[in-house]
Amino acid sequence: MPRSLSEVVFVDGVRTPFGKAGEKGIYAQTRADDLVINCIRELLRRQPQLPAEKVEEVAIAATTQIGDQGLTLGRVAALLSGLPKTTPGYSVDRMCAGAMTAVTNTASSIAFGAYDVAIAGGVEHMGRHPMGEGVDPNPRIVAEKLVDPSALVMGSTAENLHDRFPEITKQRADEFAVGSQRKLAKAYDDGKIQPDLVTVATRHDERGWGLATADEPPRPGATVEGLADLKTPFRPHGNVTAGNAAGLNDGATACLLASEQAAEELGLPVGMRLVSYAFVGVEPEVMGIGPVPATEKALGKAGLTIEDIGLFELNEAFAVQVLAFLDHFDIADDDERVNPWGGAIATGHPLASSGVRLMTQLSRQFAENPDVRYGLTAMCIGIGMGSAVIWENPHHPDYAGYSGTQGGKGENPSATTPSSDSTDDEKGAS
């Protein structure tokens, strides 16, 4: 018999502070699975009206699924987060878009009616598990010239993108990167970032015990002049540097998704409604162009145009990748609709976790901008892919669904300051 699809809403999202990968990073002795477990616990704490048994799926992404990022991470994290043993879980890998894929997978299942409430997120501990650890690429992919060898090195693909679009100069990329740093610093000063950060208990040989309460990668004092002298590790006299690209980072994210009906019945807040999404493949040698066709496809499915999008959260894996997107859609480099709180060049990019960071920030920005009806989250993906997800603002006057707001539109009751309390389990993470 015919089946009607359910509307899917983004209820709430959180993340750990992002750390620098390596022995000196804040998470050098913290397990990857404990990072995402902290996020899941915080989501449940923020929504006390949600019975734990109502969470019917946990999908967690990781790019390098070995060690403490392996063993069907979604299921293990669900058990260790205090969810019932009846709650299933699974792992996702779509490289940088892992968490984004976890969201669209579980959202599709909610829309189909397989379940009503799910948690989706991602984690990447690049200090413990560098991208590519343990992999064995089939040599035929290069030998048979399916891809150029540069396609397997993400920084090289960014250099290739500079070649394709010579108007995107190194100076322009550096200027964009400095803007990202400044916007994130202002967002911190204005208290925009802190409400969604989950405090993590840490241990370090040199620092001892501590609490991670803020992102470690930002360089708020960065200048265009300072970035100009950085090395170009992927090509002599190239364009891509550590200053205009995201770094190697550790961190986790998680979000709560629900059918609109379940959200209303359970009294859950609504941060935004899923409108459409798309994943596409592109030439692996220029994987950074992926968000362009993905966005065009998502817009087409939604019956919208780029002019309908009032807020953009674009992952800044490399400045050139974002600038190529902006040029294609005739958007200025400094357009205030784009990454208003800074992006991955400043915050960091723990690969598979980043998609939910984009979504969580868009949700908060919707609450502050009830005049904006639609927003976009998009990112490029290794081995030549792109993804885009379009969302609708429940605070907009034309929104017809359940908004979930308490006390009138424009307020977001889920955006509360997280607790700094740490459990014994968290203190024992190593």
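Basis of the calculations
- Residue numbers run consecutively from 1 along every chain, following the written order of its sequence.
- Totals for whole chains, interfaces and linings use every residue, but because this is a predicted model, local features are given only for residues with pLDDT of at least 70 and side-chain atom pairs only at 80 or more, for both listing and counting.
- Hydrogen atoms and water are omitted, and side-chain values are computed over all heavy atoms in the structure.
- Secondary structure is summarised from DSSP: a helix means a run of H or I of at least four residues, a strand means a run of E of at least two, and numbering begins at the N terminus for each.
- Relative accessibility decides the category of a residue: with a 1.4 Å probe and only protein chains considered, values under 20% of the type maximum give buried, values over 50% give exposed, and everything between is partly exposed.
- A contact between two residues is defined here by any heavy atoms of the two lying within 4.5 Å.
- For every accessible area listed, the method is Shrake-Rupley and the probe measures 1.4 Å; residues are considered covered only by the protein chains on display.
- Counted as positive: Lys and Arg. Counted as negative: Asp and Glu, with His and the chain ends omitted from the count.
- Think of each charge as sitting on NZ of Lys, CZ of Arg, CG of Asp or CD of Glu.
- Buriedness for pockets is judged along seven lines, at least five of which must meet protein on both sides within 12 Å for an open set on the 1 Å grid over protein atoms alone, while cavities are sets there where a 1.4 Å probe fits but cannot get out, and lining residues have an atom within 4 Å of a point.
- Grid points are joined across faces, edges and corners, and a volume is the space filled by probe spheres set on the points.
- Residue classes follow a fixed rule: Ala, Val, Leu, Ile, Met, Phe, Trp, Tyr, Cys and Pro count as nonpolar, while Asp, Glu, Lys and Arg count as charged, and any other residue, Gly among them, counts as polar.
- Identification of polar contacts relies on pairs of N or O atoms within 3.5 Å, with a donor-acceptor requirement for protein atoms, meaning one able to donate a hydrogen and the other able to accept it, and with residues adjacent in sequence counted only if both atoms are side-chain atoms.
- For a helix, the expected span equals 1.5 Å multiplied by the residue count minus one.
- Orientation is described by lines fitted to C-alpha atoms, with helices fitted over the stretch in contact, and by angles between N-to-C directions that extend from 0 to 180 degrees.
- Should an angle fall under 35 degrees it is taken as roughly parallel, and over 145 as roughly antiparallel, whereas 65 to 115 is taken as roughly perpendicular and any remaining angle as oblique.
- UniProt positions are given in the numbering used here, feature names are shortened, and annotations may be inferred rather than shown by experiment.
- Grouping buried Ala, Val, Leu, Ile, Met, Phe, Trp, Tyr and Cys residues that are joined through side-chain atoms within 4.5 Å yields what is termed a nonpolar core.

Before going further, it helps to spend a moment on the overall build of the protein chain. If you tally the helices and strands in the protein chain, you get 13 helices and 12 strands. Overall size of the protein chain, expressed as C-alpha extent along the three principal axes, is 60 × 55 × 50 Å. Looking at the protein chain as a whole, 59% of its 430 residues are labelled buried. Long-range contacts, defined as pairs at least 24 residues apart, comprise 80% of the intrachain contacts of the protein chain with a sequence gap of at least 6. Just so you have it, the protein chain exposes about 16,900 Å², and 51% of that area is on carbon and sulfur atoms. Averaging the positions of the 36 positive and the 57 negative side-chain charges in the protein chain gives two centres separated by 3 Å.

What follows is about the layout of surface pockets. One way to see where empty space is left: roll a probe the size of a water molecule over the atoms. The computed volume of the largest pocket comes to approximately 620 Å³. Taken together, 30 residues form the lining of the largest pocket, with M126, F234, A246, G247 and L248 sitting closest to its centre. Counting only elements with at least two residues in the lining of the largest pocket, the list comes to helix 5 (154–164) and helix 11 (344–347). Counted by class, the lining of the largest pocket contains 22 nonpolar, 6 polar and 2 charged residues. In this structure, the second largest pocket encloses a volume near 430 Å³. For the second largest pocket, the lining is made up of 16 residues, of which M95, M131, G132, V135 and I383 are closest to its centre. Of the residues contributing to the lining of the second largest pocket, the split by class is 10 nonpolar, 4 polar and 2 charged.

Quick look at the side chain of H396 now. One can find H396 in the loop between strand 12 (385–392) and helix 13 (424–427). Judged by relative accessible area, H396 falls into the buried class, the value being 10%. A distance of 3.0 Å separates a polar atom in the side chain of H396 from the backbone nitrogen of D398.

Glancing now at helix 6 (residues 170–189). The end-to-end C-alpha distance of helix 6 is 29 Å, a good match for the 28 Å that 20 residues give at a rise of 1.5 Å each. Lining the buried residues of helix 6 we find helix 5, helix 7 (224–228), helix 10 (319–328) and helix 11. G191 sits one or two positions beyond helix 6 and adopts a positive phi of about 75°.

Before going further, it helps to examine the packing of helix 3 (residues 98–112) against helix 12 (residues 354–368). What describes two packed helices is the angle between their axes and the distance between those same axes. At their nearest, the axes of helix 3 and helix 12 sit 5 Å apart, and the two run at 65° to each other. Classified by the angle between their axes, helix 3 and helix 12 sit roughly perpendicular to one another. Along its contact with helix 3, which presents A99, M100 and V103, the element helix 12 presents G355, V356, L358 and M359. Tallied by class, residues from the contact of helix 3 with helix 12 come to 6 nonpolar, 1 polar and no charged.

Further remarks concern the UniProt feature "domain: Thiolase N-terminal" (unreviewed entry) in the protein chain. Per the UniProt record, "domain: Thiolase N-terminal" (unreviewed entry) is annotated on residues 8–261. The distance separating the terminal C-alpha atoms of residues 8–261 is 9 Å; by composition the span is 31% helix and 19% strand.

The biggest cluster of nonpolar side chains holds 45 residues, and the ones touching the most others in it are F312, L314, F318, L326 and L376. Those residues in contact with L376, other than ones at most four positions away along the chain, are T295, I309, L311, F312, E313, L314, F325, L362, A388, V389 and I390. Judged by nonpolar contacts, the second largest core, of 39 residues, contains A32, C39, I60 and L83.

Let us now look at unusual backbone geometry. Leave glycine aside and you will find that most residues have negative phi; peptide bonds, for their part, are mostly trans. Here H237, not a glycine, exhibits a phi torsion of approximately 55°, which is positive. Among the structural elements, H237 can be located in the loop between helix 7 and strand 8 (249–259). Positive phi, close to 65°, is recorded for I383, a residue that is not glycine.

Right, let's get into the packing of helix 9 (residues 291–302) against helix 10. Running from amino to carboxyl end, helix 9 crosses helix 10 at an angle of 45°, the nearest separation of the two axes being 9 Å. On the basis of their axis angle, the class for helix 9 and helix 10 is oblique. Residue-level contacts link P291, V292, T295 and E296 of helix 9 to Q321, A324, F325 and H328 of helix 10.

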